[in-house]
Amino acid sequence: MKTRTLKKDKVNIITLGCSKNMVDSEVLSGQLKANDIDVVHENAKRDHNIVVVNTCGFIDKAKEESINTILDQVELKSRGKLDKVFVTGCLSERYRGDLEKEIPGVDAWFGTMELPLILKKFDADYKAELVGERLLSTPSHYAYLKISEGCNRTCAFCAIPLMRGQHVSKPIEQVVAEAEKLVKSGVKEIMLIAQELTYYGLDLYKQRRLAELLHALADVKGLEWIRLHYAYPTKFPLEILDVMRERDNICKYLDMPLQHIADPMLKAMKRQITRKEIFDLVQTIREKVPGICLRTTLIAGFPGETEEDVEDVKRFLEEVRFDRVGVFTYSHEENTSAYELEDNIPAEEKERRAQDIMETQQEISLEKNQEKVGKVFKVLVDKKESGRYLGRTEFDSVEVDNEVIINTDRKLKPGDFVQVKITKAFDYDLEGELV
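Fair warning: this is a prediction, and the values are worked out from it, not measured in the lab.

Asks: In this structure, what is going on with the confidence of the model for the protein chain? I would like to understand it.
Replies: Do not read the fine detail of predicted coordinates wherever pLDDT is low. Per-residue confidence for the protein chain gives a mean pLDDT of 93; residues scoring 70 or more make up 97%. Mean pLDDT values for the elements of the protein chain range from 46 in helix 1 (residues 3-6) up to 98 in helix 9 (residues 210-218).

Asks: What is the right way to look at the UniProt feature "domain: MTTase N-terminal" (unreviewed entry) in the protein chain in this model?
Replies: UniProt's feature table lists "domain: MTTase N-terminal" (unreviewed entry) at residues 9-127, given in the numbering used throughout. Helix makes up 45% of residues 9-127 and strand 20%, whereas the separation of the span's terminal C-alpha atoms amounts to 20 Å.

Asks: It is not clear to me how the sheet that holds strand 6 (residues 142-146) should be interpreted in this structure. Could you clarify?
Replies: Either a parallel or an antiparallel arrangement is found when strands of a sheet pair, and the pairing is made through backbone hydrogen bonds. Read from one edge of the open sheet, 6 strands run 6-9-10-11-12-13, paired in parallel fashion. In the strand order of this sheet, the two ends are held by strand 6 and strand 13 (324-329), each with one partner. Each strand axis lies, on average, 20° off the axis of its neighbour in the sheet, ignoring direction. In this sheet, strand 9 (residues 189-193) lies alongside strand 6 in parallel orientation, the contact comprising 5 bridges. Following the sheet pairing, K146 is matched in strand 9 by I193.

Asks: How should I be thinking about the environment of T15 in this particular structure?
Replies: Along the chain, the position of T15 falls in strand 1 (residues 10-15). With 40 residues separating them along the chain, T15 and T55 place their C-alpha atoms 6.6 Å apart. Filtering out sequence-adjacent residues up to four positions away, T15 remains in contact with N21, M22, S25, E42 and N54. Here S25 takes part through its side chain, which lies 2.7 Å from a polar atom of the side chain of T15.

Asks: When you look at the UniProt feature "binding site: [4Fe-4S] cluster 1" (unreviewed entry) in the protein chain in this model, what are you seeing that I'm missing?
Replies: The positions that UniProt labels "binding site: [4Fe-4S] cluster 1" (unreviewed entry) are, in the present scheme, C18, C56 and C90. Maximum C-alpha separation among the annotated residues is 10.5 Å over a sequence range of 73 residues, consistent with a single clustered spot. The subset of the named residues that lines the largest pocket consists of C18, C56 and C90. Along the polypeptide, C56 turns up in the loop between strand 3 (50-55) and helix 3 (60-78). On the accessibility criterion, C56 (11% relative accessible area) is buried. With residues near it in sequence (within four places) discarded, C56 still touches L16, G17, N21, A62, K63, S66, C90 and L91. Relative to the helices and strands, C90 is located in helix 4 (residues 90-102). For C90, a relative accessible area of 9% corresponds to the buried category. Ignoring any residue separated from it by four or fewer positions in sequence, one finds C90 in contact with N21, T55, C56, G57, T112, M163 and R164.

The rules behind these values
- Residues numbered from 1 in each chain as written.
- Predicted model: local features only at pLDDT ≥ 70, side-chain atom pairs only at ≥ 80, totals over all residues.
- Heavy atoms only, no water.
- pLDDT = per-residue confidence, 0-100.
- Helix = DSSP H or I, 4+ residues; strand = E, 2+ residues; numbered from the N terminus.
- UniProt positions renumbered as here; feature names shortened; annotations may be inferred.
- Pairing = 2+ DSSP bridges.
- Axes fitted to C-alpha atoms, helices over the stretch in contact; angles between N-to-C directions.
- Contact = heavy atoms within 4.5 Å.
- Polar contact = N/O pair within 3.5 Å; in protein donor to acceptor, adjacent residues only side chain to side chain.
- 1 Å grid on protein atoms, 1.4 Å probe; cavity = no way out; pocket = protein on both sides within 12 Å on 5 of 7 lines; lining within 4 Å.
- Buried < 20%, exposed > 50% of the residue type's maximum accessible area, 1.4 Å probe, protein only.

As structure tokens, this is what we get:
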């Protein structure tokens, strides 16, 4: 028996993919900790003997990263550096049968909803009373809060329903209780996440209840910022805009993935919305919440996309001027309805189109940033890097949006809110000094 096994088990959780996966890892680690098992996230010290890889299976690049990470951990195990390797998450849910044959060095595979089964492998009990207890992998001043699981949409390109199942909302009281626990632990900003926020409540309450949830969360004492991620544009519940305008601690920020603008592509993608309806919705959102920051994501290279479709996207961006845009290249996913179409655009061409769209947005982003020079913004300090403090305004989500470089001799700490006057603008970032 190796000496490593004689020590108390220490578990390292490696999380790949989206913030929803991150929350799942945090919940797992909270349960392990409650069962008196040592657990860490992304442990650089390598003083652990068990690894749990929480995988992503969304698109080709994510699947490749997940498989490479699993293989790396299995290799460490074969060299006696680890005792066990467990795999969970979306890739495992989707391809478990194939993966078990291909990578026999993994000790056990679990799907996306099998937390109690993972705990059994550690002789640990699932503690229902721990709902909302998590060991955060983010800095202590912000956290993601998942308000629902799964998705009922049938977008042609998307495999998420295959991996996460149908939409299931958490009750309002549970979400609020989780938020209160997070705030007590020092969290000041909560980012609401789901596969689709705007569907919230339909399954539980037979009507959309996101507006009511937002009011309840805005009442949580000490919660300074609430941010909304992943709103679906079709049948958008406009009442949430009234709450956003009325409540000071709800950020004037909305992440609403549109995926495309050209009508032929929207129809082929099964998005249930038209270019004109998107344009009208954006106008309504901006009228109801003046100064709101709108973020969207787009897909380049969907089967059948033409150069004219790409030009249409660029024209729309110039016309509507979103604050933040991300562009992904289309990934041909089996068991989606788009898989029946011919993936007829070469990878290099998809990349070129994505780059072309982002170059259009880059100019818009710079112009919008230049408009902020000379103005003062409330900024949340995230970290100190290379001797300078980096933070964000309410118009920026962590890791995906702009940062503010803060010039000051004052000592600041992550989680501080400060007033910053913007002195310089770059394509995607701002620079300023403390007021």
